[in-house]
Amino acid sequence: MEKIELEILAISQNMVQQPTHAIVLGEVNGLRRLPILIGQHEAQSIAAVLEGLRPSRPLTHDLIKNMFHAFGVELQEVIISDLIEGVFYAKLICQHGDETIEIDSRTSDAIALAVRFGCPIYTYEKVLDAAGILLEDPQERKLKKSFLVEEKLEQKKEKSLTEEELRNLSIDQLQKLLEEVLEREDYMQAIAIRDEINRRKKKS
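Residues numbered from 1 in each chain as written. Predicted model: local features only at pLDDT ≥ 70, side-chain atom pairs only at ≥ 80, totals over all residues. Heavy atoms only, no water.

As recorded in an unreviewed UniProt entry, the protein chain goes by the name BFN domain-containing protein, listed as coming from Thermoflavifilum thermophilum.

Quick look at the structure:
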């Protein structure tokens, strides 16, 4: 199965209702984005590396990296391998001497380790088909990369629609709304709209 390389574009933060985060991955040399909800601690762990911050004591993912190195294991790549009932699954592809080891991982943990090892992140076409969001404007691909725990969302006055409200919209309305929320980089709402569109496709 052919792998598609991804890069980290942003970590969005929304504190309006409850602390939620989304990491936004972009298709290298492509226009699709893959937003994934992650926990607060994992978001902070990823952002710390991207921002070049050095904590006084090792974070959990730093500890895992140190243990890998102590036992001669190197992380070669991360693969976001599947999406099942809205949950992303990932694998760590590791090298120990001549042996290749595959380890199941939460996607957020896998990404946090990938940024520490400097290894590539991949996915498969089936995952992007199911959960990717295509950008209509190629210029939007040039997202700022100053990483980026974004807090603009809590300053926005646009109201996020509930799941029930999204169900009452047509597919055309959902597609138009998706373009609007992507333009203002409201990835939390984009994820909800994407999931509703996918739910409709499965029913049809």
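**Here we look at the overall build of the protein chain**
Condition: Runs of E in the DSSP output that reach at least two residues are strands. Runs of H or I that reach at least four are helices, and both are numbered from the N terminus. Throughout this description, buried means an accessible area under 20% of the type-specific maximum (1.4 Å probe, protein chains only), exposed means over 50%, and partly exposed covers the range between. In this description, contact between two residues means that some pair of their heavy atoms is separated by no more than 4.5 Å. Areas reported here follow the Shrake-Rupley algorithm with a probe of radius 1.4 Å; residue values treat only the protein chains shown as occluding.
Along the backbone of the protein chain there are seven helices and nine strands. Taking all 204 residues of the protein chain together, the buried fraction comes to 45%. Considering only contacts in the protein chain between residues 6 or more positions apart, those separated by 24 or more positions represent 62%. Carbon and sulfur atoms form 49% of the exposed surface of the protein chain, whose accessible area is close to 11600 Å².

**Quick word on the confidence of the model for the protein chain**
Which entries qualify depends on this criterion: As a per-residue quantity, pLDDT reports the predictor's confidence and falls between 0 and 100.
When pLDDT is averaged along the protein chain, the result is 84, and 85% of the positions lie at 70 or above. This model gives residues 141-157 a pLDDT under 50, and the stretch forms 52 contacts once residues within four places in sequence are excluded.

**A short note on the pattern of salt bridges**
As a reminder, the rule being used: By salt bridge we mean one thing: a side-chain nitrogen of Lys or Arg within 4 Å of a carboxyl oxygen of Asp or Glu.
Considering all chains together, one arrives at 14 salt bridges under this definition. As a salt-bridge pair, Glu163 and Arg167 come within 3.5 Å of each other at their nearest N and O atoms. Residue Glu163 and its partner Arg167 are both found in helix α5 (residues 163-167); the two are separated by four residues, about one turn of the helix. Salt bridges here are not isolated pairs; linked through shared partners, they connect Glu27, Arg32, Glu125 and Asp129.

**Let's talk about the side chain of Ser81**
With respect to the element layout, Ser81 can be found in strand β4 (residues 74-84). Exposure remark for Ser81: the relative accessible area of 10% places this residue in the buried category.

**What to know about the environment of Gly39**
Locating Gly39 in the fold gives a position in the loop between β3 (32-38) and α1 (40-50). Between the C-alpha atom of Gly39 and that of Ser108, which follows or precedes it by 69 residues, the distance is 7.7 Å.

**Some remarks on the pairing of strand β6 (residues 99-106)**
A regular strand places its side chains so that they alternate between the two faces of the sheet. Inclusion rule: Here a strand pair is declared whenever DSSP counts at least two bridges between the two strands.
In this structure, strand β5 (residues 87-96) lies alongside β6, joined through eight bridges in antiparallel fashion. Across the sheet, Lys91 pairs through a bridge with Asp104, a residue of β6.

**Side note on the environment of Leu135**
Within the secondary structure, Leu135 sits in the loop between β8 (133-134) and β9 (149-150). Separated by 104 residues in sequence, Leu135 and Leu31 place their C-alpha atoms 5.4 Å apart.

**Focus: the packing of aromatic side chains**
Worth spelling out the cut-off: A pair of aromatic rings is counted whenever rings of Phe, Tyr or Trp (Trp by its six-membered ring) have centres within 6.5 Å, and the orientation is called stacked for planes under 30 degrees apart, edge-to-face for over 60 and tilted otherwise. Each ring is checked for a lysine NZ or an arginine CZ that lies within 6 Å of its centre and within 35 degrees of its normal; such an atom marks a charge sitting over the ring.
Per the counting criterion, the structure on display carries one aromatic pair. Both rings, one in Phe68 and one in Phe117, keep their centres 5.8 Å apart while their planes meet at 55 degrees; by these two values the pair is tilted. One end of the pair, Phe68, is in helix α2 (residues 60-70); the other, Phe117, is in helix α3 (residues 107-117), and 49 residues separate them in sequence. Comparing Phe68 with Phe117 shows no difference in burial state: the two are buried. The positively charged end of Lys3 is found above the aromatic ring belonging to Tyr122, 4.5 Å away from the centroid.

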